Amino acid sequence: MVKDVLHLKAPGNWMNDPNGFIYFRGKYHLFYQYFPYGTRWGTMHWGHAVSKDLVHWEHGDIALFPTKSYDRNGVFSGSALEKDGKLYLYYSAVRYLKEDAENIHHAPHDRYETSQALIISEDGAEFDNWNGKRQIIPVSCDEEISDAVHTRDPKVWESRGIYYMVLGSTCQGKMGRAVFYRSKDGIAWEYLNQLCGGQFGRILECPDVFRMGEEYIFIGSPMYVGEDEPGYDHYAVCARADFDEDTGRLTLLSECRYMDYGLDLYAAQTNLDEAGRRVMLAWMRMPVAVEAEDRRRWVGMMCLPRVIELVKGHIFFRLHSNVEDYFSEETEAGGGLPGMPCRLKTVLAGDESLDIGGYRIWIEDDAVWTDRSRVFAGIKDHKLVSVTPKLEGKYGLDIYVSENLIEVFVNGGQYVISNVVYGLGNEIQGHVESMYIPG
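The numbers attached to residues start from 1 for each chain and follow its sequence in the written order. In view of the model being predicted, local features appear only for residues whose pLDDT reaches at least 70, and side-chain atom pairs are presented and counted only at 80 or more, with totals across whole chains, interfaces and linings using the full set of residues. Hydrogens and water molecules were not included; the side-chain quantities draw on all heavy atoms of the structure.

## Quick look at the state of the cysteines
For clarity, the threshold we go by: Pairs of cysteine sulfur atoms within 2.5 Å are identified as disulfides in what follows. Secondary structure is summarised from DSSP: a helix means a run of H or I of at least four residues, a strand means a run of E of at least two, and numbering begins at the N terminus for each. Using a 1.4 Å probe on the protein chains alone, a residue whose accessible area is under 20% of its type maximum counts as buried, one over 50% counts as exposed, and one in between counts as partly exposed.
Evaluated as defined, the whole model comprises 1 disulfide. At a sulfur-sulfur separation of 2.2 Å, the disulfide partner of Cys171 is Cys196. Of this pair, Cys171 sits in strand S11 (residues 162-171) while Cys196 is found in strand S13 (residues 189-197), placing the two residues 25 residues apart along the sequence. Classification of Cys196 as partly exposed rests on a relative accessible area of 29%. Here Cys141 is not disulfide-linked; the sulfur of Cys171 is the nearest cysteine sulfur, at 17 Å. By relative accessible area, which is 82% here, Cys141 ends up exposed.

## A short note on the pattern of salt bridges
Between side chains of opposite charge, a pair can form when the charged atoms approach closely. Threshold: A pairing counts as a salt bridge when a side-chain nitrogen of Lys or Arg comes within 4 Å of a carboxyl oxygen of Asp or Glu.
Under the criterion given, the structure shown has 24 salt bridges. With a shortest N-O distance of 2.8 Å, Glu407 and Arg306 are connected by a salt bridge. Taken together, the residues Glu407 in strand S32 (residues 405-410) and Arg306 in strand S23 (residues 306-311) connect sequence positions 101 residues apart. Residue classification places Glu407 among the buried positions, given a relative accessible area of 0%.

## A few points about the sheet that holds strand S8 (residues 112-121)
This is how the line gets drawn: In this analysis, strands are considered paired if DSSP registers two or more bridges between them. In this analysis an axis means a line fitted to C-alpha atoms, helices contributing only their contacting stretch, and an angle means the value between N-to-C directions, from 0 to 180 degrees.
The 4 strands lie next to each other as S6-S7-S8-S9, forming an open sheet whose pairing is antiparallel. Every interior strand has two partners, whereas the edge strands, strand S6 (75-83) and strand S9 (133-137), have only one. Each strand axis lies, on average, 30 degrees off the axis of its neighbour in the sheet, ignoring direction. In this structure, S6 lies alongside strand S7 (residues 86-96), joined through 7 bridges in antiparallel fashion.

## Some thoughts on the side chain of His234
Where we set the bar: Here a polar contact is recorded for every N or O atom pair within 3.5 Å, except that within protein the pair must consist of a potential hydrogen donor and a potential acceptor, and residues adjacent in sequence are included only if both atoms are side-chain atoms. Any two residues whose heavy atoms approach within 4.5 Å are treated as being in contact.
Within the secondary structure, His234 sits in the loop between strand S15 (215-223) and strand S16 (237-244). Taking the relative accessible area as the measure of exposure, His234 reaches 16% and is therefore buried. Polar contacts involving the side chain of His234 include one to the side chain of Asp233, which spans 3.0 Å. Setting aside residues up to four positions removed in sequence, His234 forms contacts with Pro222, Met223, Tyr224, Tyr266 and Arg285.

## What about the packing of aromatic side chains?
Each aromatic ring pair is described using two quantities: the centre-to-centre distance and the angle formed by the ring planes. Put simply, the rule is: For Phe, Tyr and Trp, rings pair up if their centres lie within 6.5 Å, where Trp contributes its six-membered ring, and each pair is then called stacked (planes under 30 degrees apart), edge-to-face (over 60) or tilted (otherwise).
In total, this model carries 28 aromatic pairs according to the counting rule given. Ring geometry for Trp41 and Phe76: centres 6.0 Å apart, planes at 90 degrees, overall edge-to-face. On the criterion of sequence distance, the pair formed by Trp41 in the loop between strand S3 (27-35) and strand S4 (45-51) and Phe76 in strand S6 is long-range, its members being 35 residues apart. Residue classification places Trp41 among the partly exposed positions, given a relative accessible area of 33%.

## Brief notes about the pairing of S3
Side chains on a regular strand alternate between the two faces of the sheet. Of all 9 residues in S3, 8 are buried, a share of seventy percent or more. Bridge analysis of strand S2 (residues 13-24) against S3 gives 7 bridges, and the strand direction is antiparallel. Bridge pairing links Trp14 to Phe35 in S3. Hairpin connection of S2 to S3: 2 residues between the antiparallel strands, including Arg25 at a positive phi of 55 degrees. Relative to S4, S3 runs antiparallel, the two sharing 7 bridges.

## Here we look at the sheet that holds strand S27 (residues 353-356)
Taking strand neighbours across the sheet as the criterion, the 5 strands line up as S30-S29-S28-S27-S34 in an open arrangement whose pairing is antiparallel. At either margin of the open sheet sits one strand with a lone partner, and together these are strand S30 (385-387) and strand S34 (428-429). Where strand S29 (residues 367-371) lies against S30, 3 bridges are found, and the strand directions are antiparallel. Counterpart to Trp369 in the pairing with S30 is Val387.

Put into structure tokens, the structure is as follows:
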């Protein structure tokens, strides 16, 4: 059985979006998009991992896989809900209308259709892929409601006895669309409302809407919004919002901004933790596979769990306290890394910089900058330098270092820069106030 600490990684082969993230019967369950046959995207399954603390993870068997005509070409992303003591898993089901004769795992452009499906597990451990699935929202036949191809990633929640679903979609491929449904039982669904907008890119993926105090927060992953940036042109964003449960009307109260300024983070998903806090996990995109002793070659991992808070109108992404507790042993701040993983804390002045094994952090123009060019395996066609918005002279850094990911929390989660790295060294140049290793 493959186990992970801190970051959930692919147990071998390919991992992408987190799915079905939930605290259920005393454990955190995280499903994820999984291709078990190679280190590349292919016919999607749902992998499955569980944890008691969001720090120590144990991979289980594949939970969901194609068995029906409507999901024969992929069990795409979705969410989880606890209802009547059972685990309801909602997902997007994909069927190709034309198959690539040379590669059955390749999706021909726009030659497929997507519907929404449900599978119910009695215990969160067994999943009847043969007899337990049902199609709950058929392929769209009405472009005024949603797109037949690009409507996916159901996020489901309950409020005052009514169930709501938001789906990502597109308006004729020109702008993204969030589509809302409503249900009395979580099984039979009716169309409610929608919002189209340029802030959703051309296609919206992985939308999520949740209450935060007296407001709501919207997060999602719009596609084709950063085509001038090298590497990726799809990014995870967030915004303050209002959602009317009676009408399903979503209103954005602020401009969408990046959830993470490293721009490797994508397809975020949230749910409530054991203490009722809104916690988020997301996929860290990796362009190169990693050789490992404890598993087959792997590509794709999750970020550290982050608690979302709204403070004076600003959305913070703070590190989950369970991770902070894991790094409980303080060690002397010397000239080298105390091992990986480790935690470094410091406050930089305007003329100071930090070099962590070849990964550079510095202050410029009232912002935190990072440069991973020396620890990115010579990859040139991806964004190498990242920068936060302006910080009004406050540069507190809480840095989490692992072999393939560095996460820089600025001013207690005011902004975050997370960068995938390869070939990190062990020397530190610059002032570090405190260092921590697992206690």
